[in-house]
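Structure at a glance
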Amino acid sequence: MSSLLYDAPGPRAKRRNTLFTVLFLAVLVAVLWWVYKSLDEKGQLEWVKWEPFFSGSEAWATYILPGLKNTLIAAALSMLLALPLGAVFGIARLSDHAWIRIPAGAIVEFFRAIPVLILMIFGVALYSEYTDVSSDDRPLYAVVTGLVLYNASVLAEIVRAGILSLPKGQTEAAQAIGLRKTQTMTSILLPQAVTAMLPAIVSQLVVIVKDTALGGAVLTFPDLIAAVSPMSSYYGANTIASFTVVAVIFVAINFTLTSFASWLERRLRRSKKSTGAVVGVEAIEDLETVGHAPHEPGGGIKE
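Residues numbered from 1 in each chain as written. Predicted model: local features only at pLDDT ≥ 70, side-chain atom pairs only at ≥ 80, totals over all residues. Heavy atoms only, no water.

This brings us to the overall build of the chain. Broken down by element type, the chain carries 12 helices and zero strands. Going from the N terminus to the C terminus, the chain shows its helices and strands as α-α-α-α-α-α-α-α-α-α-α-α. Burial statistics for the chain: of 303 residues in total, 37% are counted as buried. At a minimum sequence separation of 6, the contacts of the chain that also span at least 24 residues come to 77%. Surface exposure of the chain reaches about 17,600 Å², of which carbon and sulfur atoms provide 67%. (Helix = DSSP H or I, 4+ residues; strand = E, 2+ residues; numbered from the N terminus. Buried < 20%, exposed > 50% of the residue type's maximum accessible area, 1.4 Å probe, protein only. Contact = heavy atoms within 4.5 Å. Areas by Shrake-Rupley, 256 points an atom, 1.4 Å probe, with all protein chains shown as cover.)

Here we come to the packing of helix H3 (residues 58-92) against helix H10 (residues 239-270). Contact geometry of H3 with H10 gives a least axis separation of 12 Å together with a crossing angle of 35 degrees. The way H3 lies across H10 gives a crossing that is right-handed. In contact with Trp 60, Ile 64, Leu 68, Thr 71, Leu 72 and Met 79 of H3, H10 contributes Val 245, Ile 249, Phe 250, Ile 253 and Leu 257. For the contact of H3 with H10, the per-class residue count stands at 10 nonpolar, one polar and no charged. (Axes fitted to C-alpha atoms, helices over the stretch in contact; angles between N-to-C directions. Left-handed = near helix turned anticlockwise from the far one by under 90°. Nonpolar A, V, L, I, M, F, W, Y, C, P; charged D, E, K, R; others polar.)

Those residues of helix H9 (residues 224-234) that fall on the buried side of the exposure criterion are Leu 224, Ala 227, Val 228, Met 231 and Ser 232. Relative to the axis of H9, the buried residues are bounded by an arc of 125 degrees and lie together on one face. Residues of H9 that are buried make contact with helix H2 (47-54), H3 and H10. One side-chain oxygen at the N-terminal end of H9 lies 3.3 Å from the backbone nitrogen of Ile 225; it belongs to Asp 223. Gly 236 lies just past H9 and shows a positive phi near 80 degrees. (Arc of directions from axis to C-beta. Polar contact = N/O pair within 3.5 Å; in protein donor to acceptor, adjacent residues only side chain to side chain.)

So, on to the confidence of the model for the chain. Parts of the model with low pLDDT should not have their predicted coordinates read in detail. Residues at a pLDDT of 70 or more form 87% of the chain, whose mean pLDDT is 84. At the level of individual helices and strands, the chain shows its lowest average pLDDT in helix H12 (residues 288-292), which scores 47, and its highest in helix H4 (residues 98-113), which scores 94. Scored below 50 in pLDDT, residues 290-303 shows 31 contacts in the model against residues more than four places distant or in partner chains. (pLDDT = per-residue confidence, 0-100.)

Let us now look at the layout of surface pockets. For the second largest pocket, the calculated volume is near 270 Å³. Along the wall of the second largest pocket there are 15 residues; nearest its centre are Leu 83, Val 194, Leu 198, Ile 201 and Leu 205. Of all the elements in the fold, those that place two or more residues in the lining of the second largest pocket are H3, helix H6 (138-164), helix H8 (181-218) and H10. The greatest single-element share of the lining of the second largest pocket, amounting to seven residues, is contributed by H8. Its residues assigned to classes, the lining of the second largest pocket comprises 15 nonpolar, no polar and no charged. (1 Å grid on protein atoms, 1.4 Å probe; cavity = no way out; pocket = protein on both sides within 12 Å on 5 of 7 lines; lining within 4 Å. Points joined across faces, edges and corners; volume = space filled by probe spheres on them.)

What follows covers the side chain of Glu 157. Mapped onto the fold, Glu 157 is located in helix H6. At 2.8 Å, the side chain of Glu 157 forms a polar contact with the side chain of Arg 160.

Our focus in this paragraph is the nonpolar core. Residues Phe 53, Ile 64, Val 143, Ile 158, Ile 163, Leu 224 and Ile 249 are the most contacted members of the largest nonpolar core, which totals 48 residues. Going through the elements one at a time, H2, H3, helix H5 (116-130), H6, H8, H9 and H10 are the ones with two or more residues in this core. The element that contributes the greatest number of residues to this core is H6, accounting for 11 residues. With residues up to four places along the chain from it excluded, the contact list for Ile 64 reads Phe 53, Ala 59, Leu 224, Met 231, Val 245 and Ile 249. (Core = buried A, V, L, I, M, F, W, Y, C linked by side-chain atoms within 4.5 Å.)

Looking now at the pattern of salt bridges. Two side chains bearing opposite charge may form a pair once their charged atoms approach each other closely. Inspection of every chain in the model, using the stated rule, returns five salt bridges. For the salt bridge of Arg 112 with Glu 157, the shortest nitrogen-to-oxygen distance reads 3.6 Å. Here Arg 112 is found in helix H4, whereas its partner Glu 157 is found in helix H6, with 45 residues between them in sequence. Each member of the pair, Arg 112 as well as Glu 157, is classed as buried. Each of Arg 93, Glu 109, Arg 112, Glu 157 and Arg 160 takes part in a single network of salt bridges with overlapping partners. (Salt bridge = Lys/Arg side-chain N within 4 Å of Asp/Glu carboxyl O.)

A few words now on the packing of aromatic side chains. With the rule as written, the count across this model stands at eight aromatic pairs. Ring centres of Tyr 63 and Tyr 235 lie 6.3 Å apart, and the angle between their planes is 75 degrees; on these two criteria the pair is classed as edge-to-face. With Tyr 63 in helix H3 and Tyr 235 in the loop between H9 and H10, this residue pair connects regions lying 172 residues apart in the sequence. On the accessibility criterion, Tyr 235 (16% relative accessible area) is buried. Following the ring pairs from residue to residue traces out a cluster consisting of Tyr 63, Tyr 234 and Tyr 235. (Phe/Tyr/Trp six-rings, centres within 6.5 Å; stacked < 30°, edge-to-face > 60°.)

This is the structure in structure tokens:
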């Protein structure tokens, strides 16, 4: 039986696929066994390395929870600043006015092109040279600044993609009943685009949580990653155990975030405020040609 995407495999293809699957599983088992033996020979699987995390609260109270607190603070501040900033620039890129659309597009493309770590390093230098921010607070300020500048530019493209995914009839109907451009955006387009944008927005929020680790690894920001080194030294070089616990915490945070987003998306869909379209992260790149195409009269959103 064939589909639009591929032809159903025949007997030979099925045997070949089965063979490849068996070979892949065999290689995977061999790699896992090699990893296990290597860790076991290095003593990284001994109970004494893992005991601090399962017996007593010293490791959690001294290292993990303070680092987790700083990670959540940096992520929360970055989200609170990046979301509205991204929405503003996303809407600005749809403006009919060139003096709004072109600068907004230039800013978004500029900060999208710079690695977030470089933005954080520039942030440290900026706060050190031109502000009175204390040396203890500079890493937090730099991490938040880098995350906001980069992720706001990405969120701006998500917002633009979500609005452009709506049928043009929505805008035309709003114009037919006499709504202004601003009213059309706030009352018609944005409420419907929220559900379409939600998966991509949550993916970017997960990126924000993970990228806080760059501050701990490079800028001495006292987050979860930065807590691994002193914790490992104190408990006898249990580096693997420490990184594993930190990784599990990151997985739990991001899983909670995505689970909440899935619940919220289902709730919004049940409220029938969405067209049903969903904009993935990959759709943002497809809009590059739209963003650089000539603007037709009446095709944009006046501010």
